Each structure stands twice: as structure tokens, then as C-alpha cells.
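Overview (structure and organization)
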Amino acid sequence: MDSLSLTPQIEAGIQHMSESVFVGLCRTVGISQQVAVRRDVADICDMVRNQARTSNEIMEMRSGSDREGFRMKGSDIDTMYWFKDRVIWDLSQTQFYNVHKQAPILSVSSESPPGFTLLQLLTPRAESRVISALVTMNGGHYISSSKYREITCSLVLPNSTVHGPCGSGVFEGSLEYDTAHCFASDFWPPSASSWIDRCHTWPQPQVVRDIVRSGCHFVAIGHKLGNHESNEWRISFSLAEQKLVCSMNHCQFLTYGLLKLFLKEVINNGVGDNQKLLCSYHMKTAVFWMIQQNTIHNWCPQNLLKCFWYCFKLILKWVYEGICPSFFIPENNMFLSNIHGEAQNRLFVRLFDFYKIGLASLLHSPSLRSYIVNVLYNPRLSICTNEHTLVSEVEFDKEMFREIIEKSSLPLSDLYHSMKYLNIVEQLTVSPLTQYQVLMLQVLTTSFLQSAAFTLQYIYSSTKNKLMYIAERMSCQMLKLTAKFGSISHRLYIAMYYYKTLRYTEALSVIEMTKVNLAQPYVMYDETVDTERYTEAVGGQSWSTKLRDAVALDIILHNRIIYINELMTEQMVSLQNHKPVLHIPPLVVLHMLEFLCYRHIDTMRAKTALSDLLVLLYHDQGVYVAVGLRDISWQILGICQQISGNLQAALYSYQQSLRQFPLHKIQSATLMRIHELRF
């Protein structure tokens, strides 16, 4: 596979195949613009979330493949958490902290393998979790990684199990997660200073400066061959790695993605979990080294398979030698603890078999096989690698809006939090932002304004003075503002507000207009969209315009905020079960509000609205009521039927709610309502 040994015909064939695989990866992993959306959206969320935290609150950062911009089936969600206490490398660095507010923790690495350290608490004051994890060694108090891991394992999500340095589990039945409670240092590790000196051509100097200024983290796991395995901490460069991945060009990123696919679908395919010695972190490390050592001079679509093969050969070399040098601390051999002896020999034989097969081993990848076969059978096939032609405008919009909505549900509990978030958004708008970040802030602002409006109304609803009228006017103004730059569905929050304040006619007026908007054939909701009509209606227009005129989103109710009294029980129960929000399909909310309003005005129209909701739930095939949202949707139908006096129908609807996937954890609320019907 070395380029010098290839004939021009074979070289041309590999380039042609590289282009085809590039196209396949763009469709599997994403074009550069899609990856940029994912990263920009995550950046904004991290900024808003962490700037809103007080000095005593825990900090949070997404890490791993999801944060880097990958969206691959089976990938888990990795999140890191840390408190205000900071790790220092020498005692002189205590001058930068108020030791009365932040407990200084000293890194002591003299007795640990490269890349690992002990953490010594220097003051008697610290978080209770830290105090509980202390052990005494050499006359000092050290934080035990194993104790801290056990204590924090299930802090974020109950019933998590220890996996490496993380608490792991499965969220909502299918999504695997890893949560790591760690410590942070604002300073770059002295043991990684040689990395700075190596950065001649990559990454760029400004990226190096940014990485060094960002410091590092410490995750709760020791070296298996260290002197203090249960008490040691591993130095983590997750934030630095995110910045490095973001500094890759798209071909380098896709090479990394190709290695991940090859590892998952080929190398580890059919291998038992205890024999999966290589992980995606090794793949990423190989790409980092290849880029920095400038082994490959032209990372482009035509050279994609060469780039992949050079990286694969480097990994093969590492396995043969039993040495995988950490990118930041090369003295840290990441193979030392598990890839040695017989296990190392077996892995080398397996990899060498793929090496002998050559690029044909990629045919074992289900994700890429069809693209390779297509070229093999059609060697004259013309392949366009222009990314703008690989994903249609509609497909791009669909993923972009999905990405934004999935990340937009930040925790809201009271008026203070809503206003604090709004203040942060205002500050961010004066900073240089990408077009995707602007759109993300637009969606976040609608959420914050809606929450503030309903909270304000609740606070002053029991008063009968001038303050109440001022609060109501402010709430209405905020909700009307969200309707101007939110999605079609956001208008339903105005209808909810009018219903809550007993203005049924005004609520119905908003509902009728929203019903007309939602009925347009070009409206995009979740995965449902008429591509041709959507393109005709809003193709080429700004994303703000598309969001306002052609996108419907689920209604999100934060469970700490009361929107309408009829759903208070469900919100309370869901919150008790650690679910911060309810997600409700817009048409379900529309028909519910229509019924609730008309029952005070027109009994016949109320029956029609209830019938419309019934037909929607009975006949929808997951188009307008997603399968995951059917628990709350059937619950709402049951509530409306119970209010109307049709108790038998309500009982059936509640029973249907219990049969659905319990996304919102409202089963006890359902059982309470069934008990009310029977007694």
C-alpha cells in the first residue's frame, strides 16, 4: 500500500475508491457543515450553562465522540463534572486562589507512572464528597480515586454502575452514558510541557495557546501497574483533545471517523468484550501523531484511503512493539496495562491478517461496503466530492433543527434562573458568533422568555394590585416576542397563557391561527417533511425565517414551572422521578387547549376538539405523535375525557398511557387518576 510501490493504474484506482469512501463517510458521519453545526451548538450550550452557574455549583462539559461532532449509532454520551476546588502543581500557585473559598489540591506525581498522579488536599475544608474520599498516606490527606468514584457514581443518574473512571448506564432504554466526576486544574501539567515544544506545524500557535490556557482535568482511575492504583488519578486532556479535533480539516476528521468505523465494524466485530483491547481513543491518538509528524502531506478526499492506511500501519507498529505513546505525555505507554504478552500476540496476528488483505478489508464494514463495491463494478463512475451536493438543503435543515432542539432544554427552576440566562444570552450576542450559534441563541431565548412569563404570572396571580397588571403585561409581551422568532409551535405558549388567565376567546383565536399554520403542507415536524413543498416555500431563505414559518417543534414544559393546572400532577410526578421536562407533540397540546377553552364557551365545539384529539391518537402512525411521547399524549386524552365526564373512555386512555414506553415517568400519576375514577 506504500505509494512508491504502486503502479499509476492502481494509484488512480485507490484515489477513485477514496473519493467514493469519502462520499460514504460524509453521509454516515456528516459533511463539514453538519459537523460545524453540532460543535457550534454544543459550544453555545456549554457557555450559557456554565456561565449561569454560581461559584458553588458543579461545572459540566460534554466530552467524547458526541462532543467532537460524530453522530454514529451506538455511540454513548460522555459528560464530565467538577466542583470549584482546583488542582495545583506547586505550592506557589496557591496565590491565584482564595483558599477560604476554594480548597487547593496539590498534584503529587513522584510515586506515580507518567500521566498519573496523587491528589493531596491541603486544607481541612472541602466538599463533603471530597472529605468522605480521603485516605492518609505519608502523613498527608489524599483523595482516593476509588472512593471518590464510588461516592459520585450515581450522583447524576440513579443506579449507575462503575465503569473505568465513570458512572455508566442506559438512559431512557437505549442511550448509553458515561458520567465522570473529576477535578480541574487551570494550569498545564509540567509533564506535558514537551508537547508544546513539538507543536511546530500543527496545531496552529493560537490553538496551542488556547489549549495550554485551558489546563487539564483528573479522572478517578489509577494505573493498574502503579504503586497506588486505588488512590491515583489519571490526567485527562479531554478539553485539549476537543480543540485538536476541531482544528482538523474535514478529511482528517473523516480519517478518524473511518478508523472508528473500522475498529467497531471490522477489528472488534465478533470479538468478546474482554478481547476488545483497542478503543477509539487509540485511533484518535494515531491520527494526532500522523498529523503532527507531517507523515501525510495532503489530507484530501483523493488521499483518504492512504491517510487511513498510514494510520492503520502506525497502530499495527504500536501493537507489534507493545508501545502506544500518549499524544501529550509520550512517556505514558497506553498499552502497558492490557496489551502485552499473549493478548498482544493475538491482537497483532488479527491486525496483520487485515494488513495482508489490504484495503479490501474495508469490505467487511457494512457502512462502507456498498460504496467500495460500487466503484469496483463501475471503475469509470464519476464521483463528485463537493459536499454541498451530498446533502440536500432539506436534509441539512432537518438535522440542524433536530440538533438545536435536543440541546436547547437547559434546566429552569425559577424567575431568577430565567432572567440570569437571558442576561448571559445578551452578553453573548456582542461576541463573534457563527450563524448556527445565533440560531441556537434564538431558540434558547424563546425558552427563557416563556419560562419567565409563566413564572412571573404565577408569582403575582394571587395579588390584586398594580404589580399584577404590570406582571401580566410583561408576560404577554415576552410571549408575543417569542412568537416573532420562535417556531410555529411557540404560539401555543401564548394560548396556554391566555387559557391560564381565563381569556378563552383570545386563546382560541391563537389556536385557530396556529392550526392553519401547522396544516400547511411544507411544515417540518421531527422527521416528517414534504421535501418538494418545503423547498418551494422556504428554500434558500434564512434559518430564522424557516424556523418561524415552516418548523413545528414539541412543546416543552419545565416541570418546576406551572403552565396549566390540568397537568400539575403529571409535572410533579415526573419531577419526582428526576425528569426535568415534559415533551408534548404540538397537535396534542393544540387539541387539548381547544377542548379546555371551548368547554367554557361552546359544548359542541368542545366535543369536536376532543374527538379530534381522539382520532389523532388512534390513527397516527408515529408521524405527529412520536412513539416516545405517547405516554403523556394518552394521559392528556384521558384527562380531557375525565373532565368531559366520559369516565370509561378516560380509564381506557389511562391504561393505554401505562402501556407506552415510560419516557416521562408519569406512571404513578396515571395510577392516581385511575384510582380517582374507580372510587
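Note: the structure precedes this text.
Residues take numbers from 1 onward in each chain, read along the sequence in its written order. In keeping with the model being predicted, local features are shown solely for residues with a pLDDT of at least 70 and side-chain atom pairs are shown and tallied solely at 80 or more, while totals for entire chains, interfaces and linings include all residues. The basis for every side-chain value is the complete set of non-hydrogen atoms in the structure, without hydrogens or water.

1. Digging into unusual backbone geometry
Filter applied, for reference: Helix numbers and strand numbers start at the N terminus; a helix is a DSSP run of H or I with at least 4 residues, a strand a run of E with at least 2. Relative accessible area decides the class of each residue, using a 1.4 Å probe on protein chains only: under 20% of the type maximum gives buried, over 50% gives exposed, and in between gives partly exposed.
Backbone torsion omega between Trp202 and Pro203 reads -5°, so that peptide bond is classified as cis. Structurally, Pro203 can be placed in the loop between helix 6 (193-198) and helix 7 (205-214). Despite not being glycine, Asn138 shows a phi value in the positive range, around 50°. Residue placement: Asn138 occurs in the loop between strand 5 (134-137) and strand 6 (140-143). Although it is not a glycine, Asn159 sits at a positive phi angle of roughly 65°. Of note, Asn159 is situated in the loop between helix 5 (145-152) and strand 7 (161-163). Accessibility expressed as a relative area gives 73% for Asn159, which makes it exposed.

2. A word on the packing of aromatic side chains
Heads up, the condition is: Pairing of aromatic side chains requires ring centres within 6.5 Å, counting the rings of Phe and Tyr and the six-membered ring of Trp. Pairs whose planes differ by under 30 degrees are stacked, by over 60 edge-to-face, and all others tilted. We call a charge positioned over a ring when the NZ of a Lys or the CZ of an Arg lies within 6 Å of the ring centre and within 35 degrees of the ring normal.
On inspection of all chains with the given rule, the structure shows 39 aromatic pairs. Taken together, Phe262, Phe308, Trp309, Phe312, Tyr320, Phe348, Phe352, Phe354 and Tyr355 form an aromatic cluster joined through their ring pairs. Above the ring of Phe327, the side-chain terminus of Arg198 is found at 5.1 Å from the ring centroid. Above the ring of Phe70, the side-chain terminus of Lys260 is found at 5.2 Å from the ring centroid.

3. Some words on the side chain of Ser475
For the record, the criterion: The contact rule is simple, with two residues in contact once any of their heavy atoms fall within 4.5 Å.
By the secondary structure assignment, Ser475 is in helix 17 (residues 466-485). Look at Ser475 and you get buried, because its relative accessible area is 0%. With residues near it in sequence (within four places) discarded, Ser475 still touches Ala453, Leu456, Gln457 and Tyr497.

4. Details of the nonpolar core
Rule in force here: Nonpolar core, defined: a set of buried Ala, Val, Leu, Ile, Met, Phe, Trp, Tyr and Cys residues in which side-chain atoms within 4.5 Å join the residues together.
Counting residues in hydrophobic clusters, the biggest one holds 201 residues, and the most contacted among them are Val48, Phe183, Leu278 and Phe328. The contacts of Phe183, once residues within four sequence positions are left out, are Trp82, Val87, Ile105, Leu119, Val130, Ile143, Tyr148, Cys216, His217, Phe218 and Trp233. One finds Tyr97, Val108, Leu118 and Met137 within the second-largest nonpolar core, a separate group that totals eight residues.

5. Considerations on the packing of helix 25 (residues 630-644) against helix 26 (residues 647-659)
Rule in force here: Lines fitted to the C-alpha atoms define the axes, with helices restricted to the stretch that makes contact. Angles between their N-to-C directions range from 0 to 180 degrees. Roughly parallel means an angle under 35 degrees; roughly antiparallel, over 145; roughly perpendicular, 65 to 115; everything else is oblique. Helix crossings are classified by the rotation of the near helix relative to the far one: an anticlockwise turn of less than a right angle makes the crossing left-handed, while a clockwise turn makes it right-handed. Residue polarity follows a fixed list, in which Ala, Val, Leu, Ile, Met, Phe, Trp, Tyr, Cys and Pro are nonpolar, Asp, Glu, Lys and Arg are charged, and the others, Gly among them, are polar.
Contact geometry of helix 25 with helix 26 gives a least axis separation of 8 Å together with a crossing angle of 165°. As judged from the angle between their axes, helix 25 and helix 26 are roughly antiparallel. As helix 25 runs across helix 26, the sense of the crossing is left-handed. The residues of helix 26 that touch helix 25, namely those facing Asp631, Trp634, Gln635, Leu637, Gly638, Ile639, Gln641 and Gln642, are Leu647, Ala649, Ala650, Tyr652, Ser653, Tyr654, Gln656 and Ser657. Here the residues of the contact of helix 25 with helix 26 sort into eight nonpolar, seven polar and one charged.

6. Focus: helix 24 (residues 603-619)
This is how it is decided: How far a helix is expected to stretch is found by multiplying one less than its residue total by 1.5 Å. Arc definition: directions from the helix axis to the C-beta atoms. In the analysis that follows, any N or O atom pair within 3.5 Å is treated as a polar contact, provided that within protein one partner can donate a hydrogen and the other can accept it, and provided that, for residues neighboring in sequence, both atoms belong to side chains.
Given a rise of 1.5 Å per residue, 17 residues ought to cover 24 Å, and the 24 Å separating the end C-alpha atoms of helix 24 matches this to within 8%. Within the span of helix 24, buried status applies to Ala606, Ala609, Leu610, Leu613, Leu616 and Leu617. Looking down the long axis of helix 24, one finds its buried residues gathered within 115° of arc, a one-sided arrangement. Of the residues in helix 24, the exposed ones pointing more than 90 degrees away from the buried face are Met604, Lys607 and His619. Buried residues along helix 24 sit against helix 23 (586-598) and helix 25. N-capping of helix 24 is provided by Asp602, with a side-chain oxygen placed 3.1 Å from the backbone N of Met604.

7. So, the packing of helix 10 (residues 280-292) against helix 11 (residues 304-321)
Here helix 10 crosses helix 11 at 115°, and the two axes come no closer than 9 Å. By the angle between their axes, helix 10 is roughly perpendicular relative to helix 11. Regarding helix 10 and helix 11, the two cross each other, and that crossing is right-handed. Seen from helix 10, the contacting residues are His282, Met283, Thr285, Ala286, Val287, Trp289 and Met290; seen from helix 11, they are Tyr310, Cys311, Leu314, Ile315 and Trp318.

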